[in-house]
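# Structure at a glance
Next come the chains, spelled out residue by residue.
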There are 2 protein chains.
Amino acid sequence: MPSPIRDILKPRSVAIIGASKDPAKRGYRAIQALFRQGFEGMIIPINPKESEILGLPCYSSLAAVPHAIDTALVCTPARAAPGVIGECGEKGVKGAVLLAGGFGESGVEGAELEARTIEVAKRHGVRLIGPNTNGIFDAHTGLNLVGWPGIYKGGIGVLSQSGNVAMSLMTASIRNGQAGFTTFVGVGNESDISFAEYLRYFGEDAETRSVIVYAEGFEDGAAFVEAAREVTARKPVVLYKAGRTQQGEGAARSHSGSLAGDYAVGKGVMRQAGIVVVERSDEMFPVAEALSHHAGKTALRVGILSEGGGVISQAVDALAERGLTMPRLEPESEAALKATTPNASQLYNPVDYGGATDPHPRYLGPCTRAILSDPNIDAMLSVGYVGGYQCRNDTDEIREAENAAAREMAAISQETGKPIIVQNHYAEWNTEAMRILRDAGIVVVRSIEVAAACLAGIEEYHRARQRVSAPPPPPAATEEARAIIAAARAEGRSALLEPEALRLLAASGIAVPPFAVLREGEAPPAALTEVPVAIKIVSRDILHKSDVGGVRLNLSGAPAITEGAAAMRAAVAARQPDARLEGVLVTPMAPRGVEIILGVTTDPQYGKVMLFGLGGVFVEVLKDVTFRRLPLGRGDAEAMLDEIKGSAILDGVRGGAGVDRDAILALMLQLSGLALAHPGISEIDLNPVIAGPAGATIADARILLA
Amino acid sequence: MPSPIRDILKPRSVAIIGASKDPAKRGYRAIQALFRQGFEGMIIPINPKESEILGLPCYSSLAAVPHAIDTALVCTPARAAPGVIGECGEKGVKGAVLLAGGFGESGVEGAELEARTIEVAKRHGVRLIGPNTNGIFDAHTGLNLVGWPGIYKGGIGVLSQSGNVAMSLMTASIRNGQAGFTTFVGVGNESDISFAEYLRYFGEDAETRSVIVYAEGFEDGAAFVEAAREVTARKPVVLYKAGRTQQGEGAARSHSGSLAGDYAVGKGVMRQAGIVVVERSDEMFPVAEALSHHAGKTALRVGILSEGGGVISQAVDALAERGLTMPRLEPESEAALKATTPNASQLYNPVDYGGATDPHPRYLGPCTRAILSDPNIDAMLSVGYVGGYQCRNDTDEIREAENAAAREMAAISQETGKPIIVQNHYAEWNTEAMRILRDAGIVVVRSIEVAAACLAGIEEYHRARQRVSAPPPPPAATEEARAIIAAARAEGRSALLEPEALRLLAASGIAVPPFAVLREGEAPPAALTEVPVAIKIVSRDILHKSDVGGVRLNLSGAPAITEGAAAMRAAVAARQPDARLEGVLVTPMAPRGVEIILGVTTDPQYGKVMLFGLGGVFVEVLKDVTFRRLPLGRGDAEAMLDEIKGSAILDGVRGGAGVDRDAILALMLQLSGLALAHPGISEIDLNPVIAGPAGATIADARILLA
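All values derive from a computational prediction rather than experimental measurement.

Rules and cut-offs
Residues numbered from 1 in each chain as written. Chains lettered and ligands numbered in written order. Predicted model: local features only at pLDDT ≥ 70, side-chain atom pairs only at ≥ 80, totals over all residues. Heavy atoms only, no water. Domains from an automatic or database assignment. Contact = heavy atoms within 4.5 Å. Buried area = accessible area lost by both parts, 1.4 Å probe. Salt bridge = Lys/Arg side-chain N within 4 Å of Asp/Glu carboxyl O. Polar contact = N/O pair within 3.5 Å; in protein donor to acceptor, adjacent residues only side chain to side chain. Helix = DSSP H or I, 4+ residues; strand = E, 2+ residues; numbered from the N terminus. Nonpolar A, V, L, I, M, F, W, Y, C, P; charged D, E, K, R; others polar. Pairing = 2+ DSSP bridges. Axes fitted to C-alpha atoms, helices over the stretch in contact; angles between N-to-C directions. Buried < 20%, exposed > 50% of the residue type's maximum accessible area, 1.4 Å probe, protein only.

## Focus: the domain arrangement of chain A
Residues and elements named next belong to chain A. The assigned domain composition of chain A is domain 1 (1-145), domain 2 (148-295), domain 3 (298-466), domain 4 (479-588) and domain 5 (594-705). One C-alpha centre belongs to domain 2, the other to domain 3; they are set 29 Å apart. Facing the 23 residues of domain 2 at the interface are 21 residues of domain 3. The junction of domain 2 with domain 3 conceals about 1,700 Å² of combined surface from both sides, 62% of it contributed by carbon and sulfur atoms. If you look at where domain 2 meets domain 3, you find two salt bridges. Measuring nitrogen to oxygen at the nearest pair gives 3.9 Å for the salt bridge that ties arginine 322 to glutamate 283. At the junction of domain 2 with domain 3, the criterion picks out six residue pairs in polar contact (both at pLDDT 80 or more). For the side of domain 2 that touches domain 3, the secondary-structure elements that each account for two or more residues are β14 (276-278) and α10 (284-294). Per element, the largest residue contribution to the side of domain 2 that touches domain 3 is seven residues, and it comes from α10. In terms of residue class, the side of domain 2 that touches domain 3 is made up of ten nonpolar, seven polar and six charged.

In structure tokens form, the structure reads like this:
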């Protein structure tokens, strides 16, 4: 079944409500833009004071129109919206684009007006785009309801919370002769149709080969990632999320009244859903363009083809910094290069086919073939002049040779199925050779870093698709675990005591270290007298145990433990006399190993999410943590271990053994299941878990209830 | 005295050696390029087979030329170089540009040829540019010896190890209507004139307002930073260093046969010399352009002016990520904004002057004035449409209003002395308004991230100039320290034993913890029996003490220490029976605190450099260290503390106290003095030093001799 909003985005007829004869007014310029774009459907101006606008018959009201209307562009002020939408409903208009601002984003009165407008729309079954949007655009039907000139057809869909941002990337692409577009939607306040619904539309639209999403915040982030998970299984989605920094979040919030959310959580969750997240605005379009041609291919092992060494050095830096590799070519490939360009400077990867004599475009085809035919190579990055020889030296001979080379490169890319990205000093010239390359799905860009980002984006999408992410079904809650939670609830507590948390984990099949809780005067069990132990005060009234002397480390043997426990009770009682002391927890000292932090927290947008990071300063200073939404699949957990900056620590440092990754992964999946089995748990904090070469030990556990 | 190479770069006459009538040959195209560029001087073709080329009289040899020749462009093959340079010398040619490759970069034979060529040049006093260069260019005299078309005059000098890289940024700048150039030099193999000498030339050239350096490696890095220190006191130098990654270094080495060096050391040393280091190739030119207009100004506190919110969010992210701030405006400034644009969406910083009605260029001037007059603001970033309203809506009224606004913005920037950077969706359109802005020193760029990088570059140069970097004179070596080194040398040792290292530090005025060395059976001194101590084996034959059981921690009291020392001796002797044991070092356990690493090492390019970083995983996994060359000034040391990624740890985490920065800084300066006073010391490794709220304690010291 086609998306219900398809008829609105590709309408057979558009009414312009508030059409005008004044060329300065949106109600005039909208009609003009539809004419210029060659809109295929019917244009119906509505204005009670006019009978004709720009040669079209003008109607006094929607009711007076003798045709069916799919989409209405509402150019009238905000306060008129409920009435206008009511009229749309009576006429059977399918969707209305509400340009006006002054709704929810502007304050209490606006929010009330927005609520009334939505109510009317829902009652009549009119779908709303916006309000507070700069419109929609469909290049394939000529529906230009934004007014930007010159946008042409292509395969890229754009879904944006900012009209300016979309305008910027679309006009730049067109200006430089890059890929064209399918549909643009300015989501505005998302008051009816949401990011998620639009994204599903793009997912179904056959002409859209990749989707760019610019977002500041989502009304319903969880719905968006659900939609993204479905869409990214079919086509790539490239997201730029503004509001990464604290101050940025302030700016984004005041812009569209939406919740910017915590960037780190959002990034993890988006990646989990297969979205390619870019963090520079100038990468959004080129990465989406590259993915529109090469979705699903790998681009890990890159062959570089250059004329000249300087750009090679830059390319190598840019690729390596993005985790891509530049392997050696097979001897046969090097021999093929040598046969083609015996005088070249460098006949191995990275290949520099410049040399003593002036390099000529005729070498490009054979060099490309030698590189892309190599079994060690997944993709090629061409840096330097390719496509621009005819700028540097505009003779017929050079132009023809370069165009022929471009055709050959295109053919080799298609034949081998391996992507080529071309970085070119003249990328904005849009020469004939570049048009040949671009028509064949070879992206041509000016910046070496952006070219590298294109390859990294192709690889990231490839990996996201490879990832086995079907999470295991969550286990059933155990009776014992339920009872522990119920008991705490009955006492009005929202935090479990540490022994309760340990028992809950154990009852859910998670290995915890041996422990005991000593009441006043009690001696420790024999098993805990044979190893050095830590003791901690157990009290519902104490939040920070260390601050009141409630933690002692490295006690050995029954007398030391018993004495230590008594002394600790006395010290704590002296510091916080009103605290109820339930006992003293005794656990073995944690083994040596790598401190990690594992947790579950409840995000306002995405619900329960898992946190993984390295402990200590890594968490506290470097914020080196990563998030994924529950339920967690094993592929998700693996991606989390790989994603943190300090990931190398897990593999062992100073020649030490690496940690037991399987044990960490298993614990993450168990935690995910536990948190899902008990909706009453809002937070789990295992900090630290000590990971060693065999196994991972929970050294501290904290569980909060919703 | 003007630079001796000025006459070569701005010659009155140029001989083309190997001039040709064949339009495909460099010897023809060079003359054509000089004509097209309007070269002011005399062009003198040399070719024994021709009497006239392109209408110019052609001479059979240099000797036959009846005029003085400043510069010779040598288009002949490499093997002819010694002979040609000899003829240049006899004719009194001041400098020769050697285009040919096939010298040192190509192997042993080439290196021999290069050496012979240099010998001839030195003998005759002919200066060499290259070999293996693509030439030189001077826009102010029309000296186009590279062939690139369309380059125009401006204030930016370019010094590049890659012709392609320079061509790329110069042609893109011209294409987009950005700033023009003074002189370009392709340094090639640096076989005679070095990076340093060229840089000094740019420093002296009155027309050059900022210098771009693209380098892969330096023949003499120390000479370059010496030159840079002088030049950056007068004008900004922006450096992009290729070869940052391991693989990148491989590429750079095979390109120009130079030593890429360790990037981290180089980056620190370059910054110390006042150079602005950029790490993306697409930032090189815009940052240099911004600095050519705003050298010395601060740009820390940025006011944002935007139409529309999406780009604001991006701008805020980009600025915050580069350490710039966006402070509140004064109430008067906000009132001034409100008076101008009452309907604007956001009348505080970041300012969004868009709103319910279509924003108009006439508001730009007053908004700019309100922002730049504010005492809390150092610079303005305009994002969105400014300069491109006339692209979006090309009417006379809009165009004139926008041009007037551009003039007003330019006037306000000049009046307040505060920089403006304009990010614009249409930056490549080069409208009249943009030309007005650019002529007034307002950089206009397309990417928000690059715009933010321009402001960050202005701020970085400002700070570099502010930094008090006159290092204290190194202290004299003490007799005792000399004796310790001499004693180790006399025994043929290149590493001091730890007690020797501690004594050497103490003899040089550096506070070390109390220590004692126990011979077999000796008891510890009383002072060391009152605190927990660490004991370590002292042996010239043992490199890794822990590996042979040679370290024990946390011993308290004389019996435990004496027994521990005896047990350790026995354990070590069992593991490494042939090791000579000098004794057992006893030192107090280090206090708790932040582990840092301080060291001095000898870099092959820059000589003695200081290393600073956080200890443990920060050094080992995150490589979070920074370097500066000795002698170290206090400003240098402060910059090092600020520069590491984990810098926040020094300020205290979890509400804990910060470390004693003064103590660390003092220790760094002392170490610098010590290393310089004793040329025989090649490495000092204080790892870790434990920094606390009062003082810093050296917990381990290692000193190596050259």
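## Comments concerning the sheet that holds strand β10 (residues 153-160) of chain B
In any sheet, the strands associate via hydrogen bonds between backbone groups, in a parallel or an antiparallel arrangement. All names here are of chain B. Here seven strands make up an open sheet; going across it, the order is β9-β8-β11-β10-β12-β13-β14 and the pairing mixed. The open sheet terminates on both sides in strands that have one partner only, identified here as β9 (143-144) and β14 (276-278). Relative to β9, strand β8 (residues 136-138) is paired through two bridges, and the arrangement is antiparallel. Looking at the pairing, phenylalanine 137 lines up with asparagine 144 of β9. In the packing of helix α10 (residues 284-294) onto the sheet, contacts are made with β10, β11 (181-186), β12 (210-215), β13 (237-241) and β14, and the angle to β12 comes to roughly 155°.

## What to know about the pairing of strand β26 (residues 607-614) of chain B
Moving residue by residue along a regular strand, the side chains alternate between the two faces of the sheet. Residues and elements named next belong to chain B. Within β26, seven of the eight residues are buried, leaving the element largely enclosed by the surrounding structure. Examined bridge by bridge, strand β25 (residues 594-603) and β26 share eight bridges and lie antiparallel to one another. Opposite threonine 601, over in β26, you have valine 609 as the bridge partner. Counting the residues that bridge the hairpin from β25 to β26 gives three residues. Pairing analysis gives five bridges linking β26 to strand β27 (residues 625-629), with the strands arranged antiparallel. Each residue of the ladder has a partner; that of glycine 613, found in β27, is valine 625.

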